[in-house]
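Observations on chain architecture
So you can see what is in the structure, the chains are spelled out below.
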Amino acid sequence: MAEPPPIDLAREADFVLGGMEVRPRSRELVAGGKAEILEPRIMQVLVALAQRRGQVVTRDELTWSCWGGRIVGEDAIYRCIQAIRQRAQAHGGFAVATVSRVGYRLDESALPFAKPALTIPVLAVLAFDNLSGDPDMAWFSDGLSEEILQTVARGADLKVIGRGSSFHFRGAQKAAAHVAGQLNVTHVLDGSVRRSGADVRISAHLVECAGQTVLWSHRFDRQLTDVFALQDELAAAVAGALKVAFAPPLSREPVEPAIYDLYLKARDLRFQGASDYGHAEAARALELLEQVVEGAPTFARAWADLAYHRAHCLRMIGPAHFPALTRAHVVQASETAAGLDPGAGIARQALSLLEPHAEYQKREVRLMEGLAAAPDDPEALKNVAGLCAEVGRLEDALSYAEQALRSDPIYWAWTSSRAYLMDAMGRNAETGILWDACLEAWPTKKTLIIEAMIGAGGAKDWARVDELMAKIDGHDYGNPWTSHTILFLRETRRPNPEFERAELEACTAAMTTPGRAALWYVFGLSQLGMIEEAFDLIDRASFAHIFAPDGPTSTLGSGNAGIIFHQSNALMIRDPRFPRLCAKLGLCDYWVATDRWPDCADSGALAYDFKAECRRLAGSGLPSSGPSQRPQ
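Conventions adopted
- Residues numbered from 1 in each chain as written.
- Predicted model: local features only at pLDDT ≥ 70, side-chain atom pairs only at ≥ 80, totals over all residues.
- Heavy atoms only, no water.
- Helix = DSSP H or I, 4+ residues; strand = E, 2+ residues; numbered from the N terminus.
- Contact = heavy atoms within 4.5 Å.
- Areas by Shrake-Rupley, 256 points an atom, 1.4 Å probe, with all protein chains shown as cover.
- Phe/Tyr/Trp six-rings, centres within 6.5 Å; stacked < 30°, edge-to-face > 60°.
- Buried < 20%, exposed > 50% of the residue type's maximum accessible area, 1.4 Å probe, protein only.
- Pairing = 2+ DSSP bridges.
- Axes fitted to C-alpha atoms, helices over the stretch in contact; angles between N-to-C directions.
- Parallel < 35°, antiparallel > 145°, perpendicular 65-115°, else oblique.
- Left-handed = near helix turned anticlockwise from the far one by under 90°.
- Nonpolar A, V, L, I, M, F, W, Y, C, P; charged D, E, K, R; others polar.
- Core = buried A, V, L, I, M, F, W, Y, C linked by side-chain atoms within 4.5 Å.
- pLDDT = per-residue confidence, 0-100.

Attention shifts here to the overall build of the protein chain. Per the secondary structure count, the protein chain includes 27 helices and 13 strands. Put simply, 62% of the contacts in the protein chain that link residues at least 6 apart link residues at least 24 apart. Carbon and sulfur atoms provide 53% of the accessible area of the protein chain, an area that totals close to 27,100 Å².

In structure tokens form, the structure reads like this:
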């Protein structure tokens with residue numbers, strides 16, 4: 001095929017795309033009566049894709065059309081594609097799909113997407129710039145912004161975008177029009193911090209996005225001896241500018257800047273990706289949080305984080321690594337946080353981790369109590385979504401994940417949760433763009449690459465799997481589960497009797513050892529087509545450990561919540577023996593008691609009466625008062 005001619009923007013005619021008018025000669029996008037000027041290269045790529053709407057444009061064709069055939073790195077093309085996708089999300093009417101190992105395709109929908117009218121102010125609090133020349137001041141700058149965000153969020157008539165999204169914007173990306181287009185906000189609060197010894201100068205300004213008007217600006221010169229008083233003063237000024245009524249401020253004592261820096265470092269550790277987070281990092285975060293509450297005993301949010309992190313360390317990482325940690329420590333931190341701040345939802349949810357894993361109903365009560373206290377907290381929403389996925393309610397899980405995204409729209413954790421759940425529901429055709437955007441925004445998060453690979457593997461899209469594998473350093477997979485996942489995806493795309501035999505031996509050894517039975521092994525055998533072997537091991541295995549108070553907090557071993565309800569496990573779900581597995585996990589008891597059934601129960605795809613079988617198996621004819629009375 002001959003190389004396509006270079007795109008000369010000066011000779012290209014104007015055209016309409018989705019909800020925009022595209023003017024190549026002036027490099028303008030016009031939407032809603034407002035114009036935005038694109039970089040020349042981005043406009044060239046947009047024109048190249050729009051000229052062949054619905055067709056695949058290869059990477060080579062893009063380099064000839066937009067770079068004159070000059071060799072350019074993948075990052076240069078990705079940057080342009082991502083910029084175009086951002087405009088698609090902002091204005092609607094089209095999308096750019098990645099065609100694995102080939103190129104890209106622009107698909108135009110029938111109608112442009114119309115954003116809902118905003119009836120109340122929606123505010124993005126950006127991370128204040130550190131102008132001090134001191135790298136350590138970045139902690140203080142982000143922390144000050146987050147405290148303002150949290151305080152302002154208490155207003156009943158104001159929605160505030162979560163930090164995971166609003167703090168994503170740095171440098172030139174902080175322009176109000178750009179932030180508004182990405183997050184659909186009405187107002188942006190931005191500022192800067194300059195520190196000299198114990199003195200700090202904070203400049204802040206509030207911008208109304210539609211008219212690009214600065215509504216309010218102020219400069220604060222203060223001492224750092226009372227960080228919270230300064231934060232409250234700033235938040236009150238913003239509230240006055242937006243005429244938002246706030247809940248009464250919490251009574252708090254000053255927190256020393258050094259103590260506050262420790263808190264921010266602990267939060268940074270807590271929110272690392274799973275592949276970067278082991279018991280050493282968890283221990284360090286725990287140590288930092290303990291120092292924070294000792295130095296600032298009325299710091300409510302630090303107590304809430306400590307409660308959840310103590311529970312995480314004790315129940316999810318294991319008491320062997322934290323011998324001095326007890327359940328009483330979790331309860332004490334949770335009650336302290338709730339006493340200081342009734343809206344500390346995460347502190348209430350921490351108690352759900354103390355329940356046996358199979359006590360789904362008790363865990364759900366704790367999680368919903370926390371969500372009721374903090375209904376817009378994306379972390380609280382994600383925790384509820386995780387339980388919904390575990391009990392097979394994937395539609396509900398997706399709804400909660402999407403609520404988390406509305407509060408924090410471009411944070412990697414919530415974005416990946418939504419994409420994973422859509423993969424699990426069989427909506428793989430929609431998730432390629434989601435995973436690509438997530439990976440381009442967070443390229444160092446190996447967890448995201450692995451989850452995207454699992455989704456592609458479940459859909460048998462092996463070209464996509466290989467493309468994702470190429471993004472991972474072959475000598476640093478992060479942990480044994482990641483390494484095994486990659487090996488599994490390499491070996492299962494074609495018959496491999498030797499690998500299948502080794503997997504069966506490993507699964508048999510684990511499933512027949514008390515305390516080690518986990519759903520990851522069952523799911524793996526199902527993917528290999530070894531359904532009979534999987535059900536044989538299910539019958540032989542005991543899941544008594546998940547009913548024990550000190551048992552593991554997951555039935556997975558490793559992997560994602562709701563894995564047995566994944567669309568790629570359809571053969572097992574359609575088998576009349578599937579409810580027997582659910583009964584051994586305590587799920588039948590939960591469904592019958594709550595009348596909240598998994599999606600598969602009403603899918604119409606089963607040749608047996610799922611609900612009737614679960615009702616027959618619930619309790620297995622025995623009292624449901626302990627692990628020894630569960631089906632073994």
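Our focus in this paragraph is the packing of aromatic side chains. For the structure on display, the rule yields 12 aromatic pairs. Ring geometry for Phe 565 versus Trp 591: centroids 6.3 Å apart, planes at 70 degrees, classification edge-to-face. Placement of the pair is Phe 565 in the loop between α23 (531-540) and α24 (570-573) and Trp 591 in helix α26 (residues 587-594), with a sequence separation of 26 residues. Comparing Phe 565 with Trp 591, the two get one shared label, buried. Centre to centre, the rings of Phe 578 and Phe 610 are 6.5 Å apart; their planes meet at 35 degrees, and the pair counts as tilted. Of the two residues, Phe 578 is situated in helix α25 (residues 578-584) and Phe 610 in helix α27 (residues 610-617); the sequence distance between them amounts to 32 residues. Side by side, Phe 578 and Phe 610 carry an identical accessibility label, which is buried.

With that settled, consider the sheet that holds strand β2 (residues 20-23). Spatial ordering of the open sheet is given by β1-β2-β3-β4, a layout of four strands whose pairing is antiparallel. The open sheet has two free edges, formed respectively by β1 (15-17) and β4 (34-37), since each of these has just one partner strand. Here the strands of the sheet are splayed against their neighbours by 30 degrees on average, with no regard to which way each runs. Relative to β2, β1 is paired through three bridges, and the arrangement is antiparallel. Each bridged residue has a counterpart across the sheet, and for Phe 15 the counterpart in β2 is Val 22.

With that settled, the discussion passes to the packing of helix α10 (residues 300-317) against helix α11 (residues 327-340). The interhelical angle for the contact between α10 and α11, taken along N-to-C directions, is 160 degrees, at an axis separation of 8 Å. Between α10 and α11, the interaxial angle falls into the category roughly antiparallel. Seen from above, α10 lies across α11 with left-handed handedness. Contact residues: Ala 300, Trp 303, Ala 304, Leu 306, Ala 307, Arg 310, Ala 311, Leu 314 and Arg 315 in α10; Arg 327, His 329, Val 330, Gln 332, Ala 333, Ser 334, Thr 336, Ala 337 and Leu 340 in α11.

Bridge analysis of strand β5 (residues 56-58) against strand β7 (residues 103-108) gives three bridges, and the strand direction is antiparallel. What sits directly across from Val 57, in β7, is Tyr 104. As defined by bridge partners, strand β6 (residues 94-99) adjoins β7 across six bridges and the pair is classed as antiparallel. Each bridged residue has a counterpart across the sheet, and for Phe 94 the counterpart in β7 is Glu 108.

Looking now at the sheet that holds β6. The three strands lie next to each other as β5-β7-β6, forming an open sheet whose pairing is antiparallel. The sheet is open, and its two borders are formed by β5 and β6, each paired with just one other strand. Taken over all neighbouring pairs, the strand axes of this sheet differ in orientation by 25 degrees on average, direction set aside. Strands in contact with helix α1 (residues 40-51) are β5, β6 and β7; relative to β7, the strand with the most contacts, it is inclined by about 70 degrees. Contacting β5 and β7, helix α2 (residues 59-67) runs over the sheet at an angle of about 70 degrees to β5.

Moving on: the packing of helix α4 (residues 137-152) against helix α8 (residues 257-270). Where α4 contacts α8, the axes come no closer than 9 Å and their chain directions differ by 85 degrees. In terms of orientation, α4 and α8 fall into the roughly perpendicular class. Seen from α4, the contacting residues are Trp 139, Phe 140, Gly 143, Leu 144, Glu 146 and Glu 147; seen from α8, they are Tyr 260, Asp 261, Leu 264, Lys 265, Arg 267 and Asp 268. The class makeup of the residues in the contact of α4 with α8 is five nonpolar, one polar and six charged.

Turning our eyes to something else, we now look at the nonpolar core. When a protein is soluble and globular, its nonpolar side chains tend to lie buried together. Formed by 128 residues in total, the largest nonpolar core has its most connected members in Phe 578, Leu 581, Trp 591 and Phe 610. If you tally residues by element for this core, the top one is α10, at nine residues. Other than its neighbours up to four places away in sequence, Leu 581 contacts Leu 519, Val 522, Ile 538, Phe 543, Ile 564 and Met 572. Within the second largest apolar cluster, 32 residues are counted, among which are Val 22, Leu 46, Cys 80 and Val 96.

Even without being a glycine, Asn 184 presents a positive backbone phi close to 55 degrees. Notably, Lys 460 is not glycine yet its phi reads approximately 60 degrees, a positive angle. For Lys 460, the location among the structural elements is in the loop between α18 (446-458) and α19 (462-469).

A residue-level look at the protein chain finds 86% of positions with pLDDT of 70 or above and a mean pLDDT of 81. Considering only residues more than four positions removed or in separate chains, one finds that residues 110-116, a stretch of pLDDT under 50, has 15 contacts. Taken together, the stretch residues 621-632 has pLDDT below 50 and engages in 19 contacts with residues farther than four places along the chain or on a different chain.

Summarising the element assignment, Ser 65 is placed in helix α2. On the basis of relative accessibility, which here comes to 7%, the residue Ser 65 falls in the buried class. Residues in contact with Ser 65, not counting those within four places in the same chain, are Pro 4, Pro 5, Pro 6, Ile 7, Gln 44 and Ala 48.

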